[in-house]
Amino acid sequence: MRDKPSYLGAFLRHPTNRIAMLAASCVGIFATIPLGWSGLALVGVVALGSEVLAALGIPGLPAFRAHVDRQHAQQQRSQRRERLLGELANLGGGDALAAYQHMDRRVQAIHQSVQDGQTTLTHQDVDKLEDLSVDYLGLCVVNCRCASAKNTSVRTRA
């Protein structure tokens, strides 16, 4: 991973945090009925204090950091995969694409068996397999580039 993800940003964008802020907003709105604007202010101060305390602690938790790092790695892998698949399609690597699709189906089947608990493999093992399949795509792109450069140099000589 070239760049590290923002753990604080991941905490602020996390669905659980968004639901907590939405719940605090609803409680604040309902608190205005008996207490008026001071009820909204009270709930707002409590929610803001809770948010600050959570923002100081949760992004530092190892489990949260591991979750964010894993999501970031998956996003990076997906972007690289899409770029390489586009490049390979432009270079005309049909056989390599077919082999990759077969490989990807196998990795997804392994991923499903890990989620079902039918194997002793872990999510990290499947992530490594996915990284290897994306590396395979990279090698196929290099191979196709070399083959097209070789064909271009043969044509120019003739």
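Reading the values: rules and limits
Residues numbered from 1 in each chain as written. Predicted model: local features only at pLDDT ≥ 70, side-chain atom pairs only at ≥ 80, totals over all residues. Heavy atoms only, no water. Core = buried A, V, L, I, M, F, W, Y, C linked by side-chain atoms within 4.5 Å. Buried < 20%, exposed > 50% of the residue type's maximum accessible area, 1.4 Å probe, protein only. Helix = DSSP H or I, 4+ residues; strand = E, 2+ residues; numbered from the N terminus. Contact = heavy atoms within 4.5 Å. Salt bridge = Lys/Arg side-chain N within 4 Å of Asp/Glu carboxyl O. Expected span 1.5 Å × (residues − 1). Patch = residues over 30% accessible without salt bridge, like charges linked within 9 Å, V, L, I, M, F, W, Y side chains within 5 Å. Areas by Shrake-Rupley, 256 points an atom, 1.4 Å probe, with all protein chains shown as cover.

1. Overview of the nonpolar core
Working step 1: Within the largest apolar cluster, 10 residues are counted, these being Leu84, Leu88, Ala96, Leu97, Tyr100, Val134, Leu137, Cys140, Val141 and Cys144.
Working step 2: Those elements giving two or more residues to this core turn out to be helix H4 (62-91), helix H5 (94-116) and helix H6 (123-157).
Working step 3: Counting residues per element, this core draws most heavily on H6, which supplies 5 residues.
Working step 4: Excluding residues within four positions of it along the chain, Val141 makes contact with Leu84, Glu87, Leu88 and Leu91.
Working step 5: Counting residues in hydrophobic clusters, the runner-up holds 6 residues, among them Ala10, Phe11, Ala54 and Val68.

2. Re the environment of Thr120
Working step 1: Relative to the helices and strands, Thr120 resides in the loop between H5 and H6.
Working step 2: With a relative accessible area of 78%, Thr120 lands in the exposed category.
Working step 3: Distance in space between the C-alpha atoms of Thr120 and Gly86 is 34 Å, their sequence separation being 34 residues.

3. A look at the pattern of salt bridges
Working step 1: Taken as a whole and judged by the stated rule, the model has 8 salt bridges.
Working step 2: Arg80 is the salt-bridge partner of Asp135, the closest N and O atoms lying 2.9 Å from each other. Linking Asp135 in helix H6 with Arg80 in helix H4, this pair joins segments that are 55 residues apart in sequence.
Working step 3: Asp135 gets classed as partly exposed once you look at its relative accessible area, which sits at 35%.
Working step 4: What makes Arg80 partly exposed here is its relative accessible area of 31%.

4. Some remarks on the side chain of Glu130
Working step 1: Position of Glu130 among the secondary structure elements: in helix H6.
Working step 2: With sequence-adjacent residues up to four places away left out, Glu130 is seen in contact with Arg77, Arg81, Val107 and Gln108.

5. Thoughts on H4
Working step 1: For H4, built from 30 residues, the straight-helix expectation of 44 Å at 1.5 Å per residue is met to within 8% by its first-to-last C-alpha distance of 43 Å.
Working step 2: Downstream of H4 by a residue or two, Gly92 has a phi angle that is positive, lying close to 80 degrees.

6. Focus on a nonpolar patch on the surface
Working step 1: Together, Leu48, Val52, Leu53 and Leu56 make up a nonpolar patch on the protein surface, roughly 460 Å² of accessible area in all.
Working step 2: As for its position among the elements, Leu53 is in helix H3 (residues 37-57).
Working step 3: Residue Leu53 is classed as exposed on the basis of its relative accessible area, which comes to 63%.

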